[in-house]
Structures are given as C-alpha cells and as structure tokens.
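# Chain and residue survey
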Amino acid sequence: MLETSARLLRLLSLLQAHREWSGNDLAERLGVSPRTVRRDVDRLRELGYPVNASPGTGGGYQLGAGAELPPLLLDDDEAVAVAVGLRTAAGQGIEGIGETSVRALAKLEQVLPHRLRRRIGALNAFTVPMLRGPRSGVVDPAVLTELAHLCRDAERLRFAYRGHDGTESRRTVEPYRLVCSEHRWYLVAFDLDRADWRTFRVDRITPRPPHGPRFTPREPPAEDLAAYVSQGVSTRVYAEHALVRLLVPLEEAAQGVSPSAGVLEAEGPDSCRLRTGAAGLDVMVLHLMMLGFEFEVLEPAELTGALRDARDRLSRALARSERPAT
C-alpha cells in the first residue's frame, strides 16, 4: 500500500510538471508496466484529479482542469516561491487577495518542512521591498498567519497592544476574523477583560504566547464585518461624528473615500450618504473639503456653523490677498 501511494504521488507530480506524457514514458519513469499506469490513472480520477487520455500511438495522458481544485504537489523551489509570493501579497494588503493570501499562507506553512521554513525566513529577513508611500503600519506576515490560525482554531489570544498614543496594554481576547482595509489589517475579537467586541490594528499587536484554551465562537458584532470595522476606524473612534450627502453617485464617491475615511451609503442615482468622524469640527471641515465633492450637511447642525466660520475666514483671507499693493 505504501509503495502504491508513493507511486501515485510520483505520477501526480509528473503530470503536474509536464503538459502531456505517453503511457510508455510514464511507465519507464515509474518503473512499472503500462497497464499499472492505466490503473494508477484511474485511481487519480477517483480522487478527483481530471486526467485526460487521448487514444492512438501519438496519444498520452494530460492533467486537465476540473470543477474543483484538487491538492497540488510542489517541489522545494515551488513551495518557497509560493510562500514568498503569499507573504508579499499578505504584507502589502493588496485589495481583494490580502485575506485570502493569509489563509493560504497559514495552510502552506503548517506543512512546510523545517529546511524550507529556514529558506523562506532568510529570504524575507534579508529582502527590503521598495514601496510607494510611507511604511507606517507595516504588518509582520508571521503575526498575520499566527492570528489566522487562532481565528480558525477558536483559541484565545494573549498579546501586548500599543495604543495610538504609544501606551501599551495587555489583552486577552477571543479572535474572530481578520479584516484588510487598504494597507492596514485589523483583528475583530471579543475582549474578555472589557466584555465587549473590539477592533485592533494588527501592526500594533505583539502576541504573547502561550495561547488558549479553545472557546465556542460568539455571534459576531455585525453581519458585515468589513462595514463594522470601517465604521469603527472612521467614525466611532472620533469625538465628532457627521452625516453628509455627497452630490455624486455612490460609485464615484467610492473612488475618493477609503473605508478608513468613512462609510458610504447608497441613496439615489446621483447622490449618496457619508458617515465619518474627526477629532474636531474644524478638522471635519478640512476633511470634507479635501474629498473634492459637492456636499450637503445633514447632521450635526454645529458642522454647518463650522463651515460658515471657515467660509468667512477664507473670504477675509482672499480679500486681503486681492488688495492692491501699496
């Protein structure tokens, strides 16, 4: 049985590495008869691998695309390349694939032999990516994969957390999900000490194992966790909140308003609503002006007064600037 299983893995590796094999070539490579090759191909098909066969003297075997993705066999160099690629995608928060990369990386690193982990670790440790923009909020992919494992296995997480003011606190949480927004990662978790759901920036988390024990996952704080995190980091965290109507379609507004800047709500074909927050009303005015969209304040009324004050200040500055030189 062990010999047959090893031969099946070898046959699968050959089919994945070559476009098409003749039966005789496969038999020679595997050291078996063509009849045994045919039986092994049938076993692979039973396991879900779509192995196509073309008849005739010029025919052969070819691994085709199936309705589902079967397990893949990777050699050492391929495994290293895939792991490094997944780490890069996870660390940069590439839209649409960041969270998927973390899950895939967690599965791959779980089965990598020690020698390959050392190669990948060395490559990442001595590689400096050249990125656009500031490198604030850079996340260690190893921390991401550790958090992904704990979310998957429903194990308690202990970590040190650095607040925005630099102060550090110790937390014990029940991790639920990772959420990626632009170039930042957030952990949604139930904070046991505060008996409430919290959102943590992953770049501020330093795990403090041992972790555990396991727990029964609670009902999440919202059905749409992406919207929940967006509202938390763009609105709830700030002292001042506002609701404004943007006089542009939702699709256009989404191009200029990131999830960390506010939460957009559909309203009509030519407008949408924006919920956002700021440290003060004067900062809110600046934030809204920098969006570059026409807008209308819905609440609070105090924001309209802050806009009026800003308008008057700008009018006086413009009048002074337009005075003729003496």
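Values in this document were obtained by computation on a predicted structure and should not be read as measured data.

### Overview of the overall build of the protein chain
Within the protein chain one finds eleven helices and eleven strands. Pairs at least 24 apart in sequence give 57% of the contacts found in the protein chain among residues at least 6 apart. Counting only carbon and sulfur atoms, one obtains 52% of the accessible surface of the protein chain, whose full area is about 20000 Å².

### Concerning unusual backbone geometry
Cis geometry marks the peptide bond from P209 to P210; its omega dihedral reads 10 degrees. Mapped onto the fold, P210 is located in the loop between β7 (205–207) and α8 (225–236). With an omega of 0 degrees, the peptide bond running from E299 to P300 counts as cis. Not every positive phi belongs to a glycine, and A154 is a case in point at roughly 55 degrees. With respect to the helices, strands and loops of the structure, A154 is situated in the loop between α7 (141–153) and β3 (157–162). For A154, a relative accessible area of 10% translates into the label buried. With a phi close to 50 degrees, A195 is a non-glycine residue in the positive phi region. Relative to the elements of secondary structure, A195 occurs in the loop between β5 (184–191) and β6 (196–201). Among the residues examined, A195 registers a relative accessible area of 55% and is labelled exposed.

### Comments concerning a positive patch on the surface
Taken together, the side chains of R313, R316, R320 and R323 make up a positively charged region of the molecular surface. Among the structural elements, R313 can be located in helix α11 (residues 301–321). Given a relative accessible area of 53%, R313 falls into the exposed group.

### Let's talk about the nonpolar core
Nonpolar side chains in soluble globular proteins tend to end up buried together. With 20 residues, the main nonpolar core has L178, L187 and V202 as its most contacted residues. Going through the elements one at a time, α5 (98–111), α7, β3, β4 (168–181) and β5 are the ones with two or more residues in this core. Of the residues forming this core, the biggest block, six residues, is contributed by α7. Membership of the second largest hydrophobic core comes to 19 residues, among which are M284, L288, A306 and A310.

### Considerations on α7
For α7, spanning 13 residues, the distance from its first C-alpha to its last is 18 Å, which sits close to the expected 18 Å at 1.5 Å a residue. Residues of α7 that are buried: P141, V143, L144, T145, L147, A148, L150, C151 and D153. Backbone geometry just after α7 places A154 at a positive phi near 55 degrees.

### Structural notes on the sheet that holds strand β10 (residues 271–278)
Spatially, β9-β10-β8-β11 is the arrangement adopted by the four strands of the open sheet, whose pairing is antiparallel. This sheet does not close on itself; its edge strands, each paired only once, are β9 (263–268) and β11 (295–299). Averaged over all pairs of adjacent strands, the angle between their axes in this sheet comes to 30 degrees, without regard to strand direction. Pairing between strand β8 (residues 240–246) and β11: four bridges, direction antiparallel. In the strand pairing of β11, L246 is matched with F295. Contacts from α11 reach β8 and β11 within the one sheet, and its direction differs from that of β11 by about 140 degrees.

### Details of the pairing of β9
Here β9 runs beside β10; their pairing, made up of five bridges, is antiparallel. The partner of G268 across the bridge, within β10, is S271. Remark: two residues form the turn of the hairpin made by β9 and β10, two consecutive strands paired antiparallel.

### What to know about the environment of V51
Turning to its location among the elements, V51 is positioned in strand β1 (residues 51–53). Taking the C-alpha atoms as reference points, V51 and Q62, eleven residues apart in sequence, are found 5.7 Å from one another. Apart from residues lying up to four places away in sequence, V51 is in contact with L15, V41, L44, R45, Y61, Q62 and L63.

### A closer look at the confidence of the model for the protein chain
Model confidence for the protein chain is summarised by a mean pLDDT of 82, while 81% of its residues fall at 70 or above. Across residues 130–135, confidence stays below pLDDT 50; counting only partners more than four residues off in sequence or on other chains, it has two contacts.

### Quick notes on the packing of aromatic side chains
In total, this model carries five aromatic pairs according to the counting rule given. Summarising the aromatic geometry, the rings of Y176 and W197 are spaced 5.9 Å apart at their centres and angled 85 degrees between planes, so their arrangement reads as edge-to-face. Here Y176, found in strand β4, pairs with W197, found in strand β6; they are 21 residues apart in sequence, far enough to count as distant. The ring of Y176 carries R177 above its face, with NZ or CZ at 4.4 Å from the centroid. Between the NZ or CZ atom of R218 and the centre of the ring of F190, over which it lies, the distance is 3.8 Å.

Rules used in this analysis
Residues numbered from 1 in each chain as written. Predicted model: local features only at pLDDT ≥ 70, side-chain atom pairs only at ≥ 80, totals over all residues. Heavy atoms only, no water. Helix = DSSP H or I, 4+ residues; strand = E, 2+ residues; numbered from the N terminus. Contact = heavy atoms within 4.5 Å. Areas by Shrake-Rupley, 256 points an atom, 1.4 Å probe, with all protein chains shown as cover. Buried < 20%, exposed > 50% of the residue type's maximum accessible area, 1.4 Å probe, protein only. Patch = residues over 30% accessible without salt bridge, like charges linked within 9 Å, V, L, I, M, F, W, Y side chains within 5 Å. Salt bridge = Lys/Arg side-chain N within 4 Å of Asp/Glu carboxyl O. Lys, Arg positive; Asp, Glu negative; His and termini not counted. Charge placed at Lys NZ, Arg CZ, Asp CG, Glu CD. Core = buried A, V, L, I, M, F, W, Y, C linked by side-chain atoms within 4.5 Å. Expected span 1.5 Å × (residues − 1). Pairing = 2+ DSSP bridges. Axes fitted to C-alpha atoms, helices over the stretch in contact; angles between N-to-C directions. pLDDT = per-residue confidence, 0-100. Phe/Tyr/Trp six-rings, centres within 6.5 Å; stacked < 30°, edge-to-face > 60°. Lys NZ or Arg CZ within 6 Å of the ring centre and 35° of its normal.

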